[in-house]
Amino acid sequence: MNLPRSLPARLYLLAYDPDKERMTARSRLGLVLRAAALADLYLDQRLADDDGKVKVAAARPTGDPVLDAVLRQIADAGPRSWRRWVRAGERRIVREVRDQLEKERWIKVERRRILPDRVRLRERREVKRYAAEVKSALRPAAQADGRTTAALVLAARGELPTVLSRRERREHRGRIEEFADPLWPIARALEHDLRRKRAVVASGA
């Protein structure tokens, strides 16, 4: 079974811990998936940076409903900062990506009234293999494509423990920053919005 092509779907799967059978980084996942959608559209040259603001460079549909919704949202609203688009609809995109993966039979969702819905991964081996592939991009002689390194950057920025531990993020910081260069407006915006979210949580707001 081939992995979904879209980065938001891949980051959702990477955020799942197959061993503990639960989602990780729940408080950050919406921001990570929004950044993943922007990165996907940016790598496909549908979005461009215009002096710190997001510009639609090509409005043609991608064929992916989640990505197309983000692209339409940006096209309808006009120029806004990358930070604005990383945090816009962060809760909604988690549901949209989850529903998409459930429909494609990557996950099974048990809906519960009081407790959070329980997510089960159907393709454990494939997801674990992909997480190892993403992590292997850190090897000095590794050859990885732009989508794989983008997934690594977003997983590192989003502190997904299923991909990199805190120690590994610290040890490979230089390599990760090197991979972040082609996605600099998105990586920077995600980092800023994650800091903002932590500050809000720490303040008890």
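Every value quoted in this text rests on a predicted model; they were computed, and no experiment measured them. (Residues numbered from 1 in each chain as written. Predicted model: local features only at pLDDT ≥ 70, side-chain atom pairs only at ≥ 80, totals over all residues. Heavy atoms only, no water.)

**Topic: helix α5 (residues 90-103)**
No. 1: For α5, with 14 residues, the first-to-last C-alpha span of 20 Å sits near the 20 Å given by 1.5 Å per residue.
No. 2: What α5 keeps buried is the set Glu90, Ile93, Val97, Arg98, Gln100 and Leu101. Down the axis of α5, the buried side of the element spans an arc of 160 degrees, and every buried residue falls inside it. Exposed residues on α5 whose side chains face more than 90 degrees from its buried face are Arg91 and Lys103.
No. 3: In the stretch just after α5, Arg105 is the one whose phi turns positive, near 65 degrees. (Helix = DSSP H or I, 4+ residues; strand = E, 2+ residues; numbered from the N terminus. Expected span 1.5 Å × (residues − 1). Buried < 20%, exposed > 50% of the residue type's maximum accessible area, 1.4 Å probe, protein only. Arc of directions from axis to C-beta.)

**Observations regarding the packing of aromatic side chains**
No. 1: Applying the stated criterion to the full structure yields one aromatic pair.
No. 2: Between Tyr42 and Trp82, the aromatic rings sit 5.6 Å apart at their centres with planes inclined by 90 degrees, giving edge-to-face as the arrangement. With Tyr42 in helix α2 (residues 26-43) and Trp82 in helix α4 (residues 82-87), this pair connects stretches of sequence that are 40 residues apart. As far as the burial class goes, Tyr42 and Trp82 line up, both buried.
No. 3: Note that Arg84 overlies the ring of Trp85, its terminal NZ or CZ placed 4.8 Å from the centroid. (Phe/Tyr/Trp six-rings, centres within 6.5 Å; stacked < 30°, edge-to-face > 60°. Lys NZ or Arg CZ within 6 Å of the ring centre and 35° of its normal.)

**With respect to helix α7 (residues 146-157)**
No. 1: Here α7 is 12 residues long and its end C-alpha atoms lie 16 Å apart, about the 16 Å a rise of 1.5 Å per residue gives.
No. 2: Burial runs high along α7: 11 of the 12 residues are buried.
No. 3: Among the residues of α7, Arg147, Thr148, Thr149, Ala150, Ala151, Leu152, Val153, Leu154, Ala155, Ala156 and Arg157 are the ones counted as buried.
No. 4: Two or three places before Arg147, at the start of α7, stands the capping residue Asp145, its side-chain oxygen 3.3 Å from that residue's backbone nitrogen.
No. 5: Directly beyond the C-terminal end of α7, a positive phi value near 55 degrees is found at Glu159. (Polar contact = N/O pair within 3.5 Å; in protein donor to acceptor, adjacent residues only side chain to side chain.)

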